[in-house]
Amino acid sequence: MARKPMIAGNWKMYKTAEEGAELAQGLGERIRLHWDDVDVVICPPFTALKSVSAAIGSGGPNIGLAAQNVHWEEKGAFTGEVSVPMLADLGCSWCIVGHSERRGMFGETDESVARKVRALLAAGIDPILCVGESLETRDSGATDSFVRGQVRAALEGIPADDAARVVIAYEPIWAIGTGLTPDAEAANDVCRAIRAMIGTLFGQSVAIQVRILYGGSAKPENLGQFMAEPNVDGALVGGAALDAASFSAMVETASLYL
Ligand code: 13P
């Protein structure tokens, strides 16, 4: 079964509501030709979700909307947090969970990641689960077991049908925002280990359905190398997603690998 490529743009803490709407509109115009071939998802900051949702909804561009984080409780005294129903209300069909910037800077743990994954799945929002090793872990030769452990901690125990909806983004921490990338083959090896873990947890039919993205300094110039690998189904893009021309070039590249 062929997995549909996905290109997701994580805008991180960039773009006001107005700037975000403009970028989304520009993207819609550029990627029209590839709607059927690639799932395109953009992940603006919370404050731009509404304007971006309106921008991608109005003209019909087939772009999915994602948040970058969420809280697992429906509501309550959680100052500064945003809940799953609030995201659904704004038209989010995806949400990033466990990004290394949240794990490293904001105390996200395997346990909170697992709770978020469950809350999202229960509400019909599909998680984009981020995993990836530090340079230290890579140098010690423990990348595969570390990343497999992150996948297990986040997903173990959920129903297999739900697991098939999860997208996993393999983002080596040392490649994020640095211009460094692993060899495509090395990235594929880790993605293969992730898929094998999905197989162990949920069986082979789920393992062949789950999409695994590469992330970390992905850009138009290097995307083709990663997409050519059998276990890489797309990319989670940071910096290169902030520009309509470079992001749409990546969507175009991905469309060649349907
Ligand atoms: P860069 O593409 O800027 O390296 O960021 C990757 C990333 O963290 C996407 O979530």
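So, here's what we can say about the structure. Here the structure is a predicted model, which is why all the values come from computation and not from measurement.

**A look at the overall build of the chain**
Looking only at helices and strands, the chain features twelve helices and eight strands. Over its C-alpha atoms, taken along the principal directions, the chain stretches across nearly 45 × 45 × 35 Å. Residue burial in the chain is summarised as follows: out of 258 residues, 54% are buried. The contacts of the chain with a sequence gap of at least 6 include a subset with a gap of at least 24, amounting to 75%. Looking at charge distribution, the chain has the averaged site of its 21 positive side-chain charges lying 3 Å from that of its 32 negative ones.

**With respect to the site of the ligand**
Within the structure, the ligand sits among N10, K12, H99, E171, A175, I176, G177, G216, S217, L236, G238 and G239. G177 is positioned such that a nitrogen or oxygen atom in its backbone is 2.6 Å from an oxygen atom of the ligand. Note that an oxygen atom of the ligand is positioned 2.7 Å from one of the backbone N or O atoms of S217. Contact with the protein chains removes 94% of the 310 Å² of surface that the ligand exposes when unbound. Across the shell around the ligand, the residue classes tally to three nonpolar, seven polar and two charged.

**A closer look at the nonpolar core**
Of all hydrophobic cores here, the largest spans 71 residues; its most connected members are L155 and I168. Once residues within four sequence positions are removed from consideration, I168 is found in contact with L129, V131, V151, L155, I194, I198, V210, R211, I212 and L213. Formed by 13 residues, the second largest nonpolar core is a distinct cluster that contains M6, V41, I96 and L213.

**Side note on the pairing of strand β2 (residues 39–43)**
Among the five residues of β2, four are classified as buried, and the element is accordingly described as predominantly covered. Two strands pair when backbone bridges link them, and strand β1 (residues 6–10) and β2 are joined in this way by five bridges, in the parallel orientation. Bridging from a neighbouring strand, G9 pairs with I42 of β2. Taken together, β1, helix α1 (residues 17–31) and β2 form a β-α-β motif whose crossover is right-handed. One ladder, built from three bridges, connects β2 with strand β3 (residues 63–67); its direction is parallel.

**Digging into the sheet that holds strand β5 (residues 126–131)**
Judged by pairing direction, the barrel is parallel, and its eight strands sit side by side in the order β1-β2-β3-β4-β5-β6-β7-β8 before closing back on the first. Each strand of the sheet is rotated relative to its neighbour by a mean of 25°, with strand direction disregarded. In this fold α1 packs onto β2 and β3, with an angle of close to 145° to the strand it touches most, β3.

**As for the packing of aromatic side chains**
Counting across every chain of the model gives two aromatic pairs. Between the aromatic rings of Y170 and Y214, the centroid separation amounts to 6.5 Å while the plane-to-plane angle is 65°, which identifies the pairing as edge-to-face. Of this pair, Y170 sits in strand β6 (residues 167–170) while Y214 sits in strand β7 (residues 211–215); the two residues are 44 residues apart in sequence, bridging distant segments of the chain. Judged by relative accessible area, which is 0%, Y170 ranks as buried. For Y214, a relative accessible area of 1% puts it in the buried group.

**Re the pairing of β5**
Most of β5 sits out of view: six of its six residues are buried. Burial along β5 is two-sided: the face carrying D126, I128 and C130 and the face carrying P127, L129 and V131 are both buried. As paired elements, strand β4 (residues 94–97) and β5 share four bridges and run parallel to each other. Note that in β5 the partner of W94 across the bridge is D126. Here four bridges tie β5 to β6, and the two strands are oriented parallel to one another. Note on β6: the bridge partner recorded for L129 is I168.

**Digging into the side chain of N10**
By the element assignment, N10 lies in strand β1. Of the polar contacts made by the side chain of N10, one reaches the backbone nitrogen of K12; its length is 2.9 Å. Those residues within four positions of N10 in sequence are excluded, and the remaining contacts are C43, Q68, I96, H99, L236, V237, G238 and A241.

**Description of the environment of Q68**
Tracing the sequence through the fold places Q68 in the loop between β3 and α3 (84–89). Residue Q68 is classed as buried on the basis of its relative accessible area, which comes to 18%. Residues Q68 and I208, spaced 140 residues apart in sequence, show a C-alpha to C-alpha distance of 26 Å. Not counting residues up to four positions away in its chain, the partners in contact with Q68 are N10, W11, K12, C43, P44, P45, I96 and R102. Here the side chain of Q68 touches C43 through a polar contact of 2.9 Å, landing on its backbone oxygen.

Rules of the game
- Residues numbered from 1 in each chain as written.
- Predicted model: local features only at pLDDT ≥ 70, side-chain atom pairs only at ≥ 80, totals over all residues.
- Heavy atoms only, no water.
- Helix = DSSP H or I, 4+ residues; strand = E, 2+ residues; numbered from the N terminus.
- Buried < 20%, exposed > 50% of the residue type's maximum accessible area, 1.4 Å probe, protein only.
- Contact = heavy atoms within 4.5 Å.
- Lys, Arg positive; Asp, Glu negative; His and termini not counted.
- Charge placed at Lys NZ, Arg CZ, Asp CG, Glu CD.
- Near = heavy atom within 4 Å.
- Polar contact = N/O pair within 3.5 Å; in protein donor to acceptor, adjacent residues only side chain to side chain.
- Areas by Shrake-Rupley, 256 points an atom, 1.4 Å probe, with all protein chains shown as cover.
- Nonpolar A, V, L, I, M, F, W, Y, C, P; charged D, E, K, R; others polar.
- Core = buried A, V, L, I, M, F, W, Y, C linked by side-chain atoms within 4.5 Å.
- Pairing = 2+ DSSP bridges.
- Right-handed = clockwise from strand over helix to strand, strands pointing away.
- Axes fitted to C-alpha atoms, helices over the stretch in contact; angles between N-to-C directions.
- Phe/Tyr/Trp six-rings, centres within 6.5 Å; stacked < 30°, edge-to-face > 60°.

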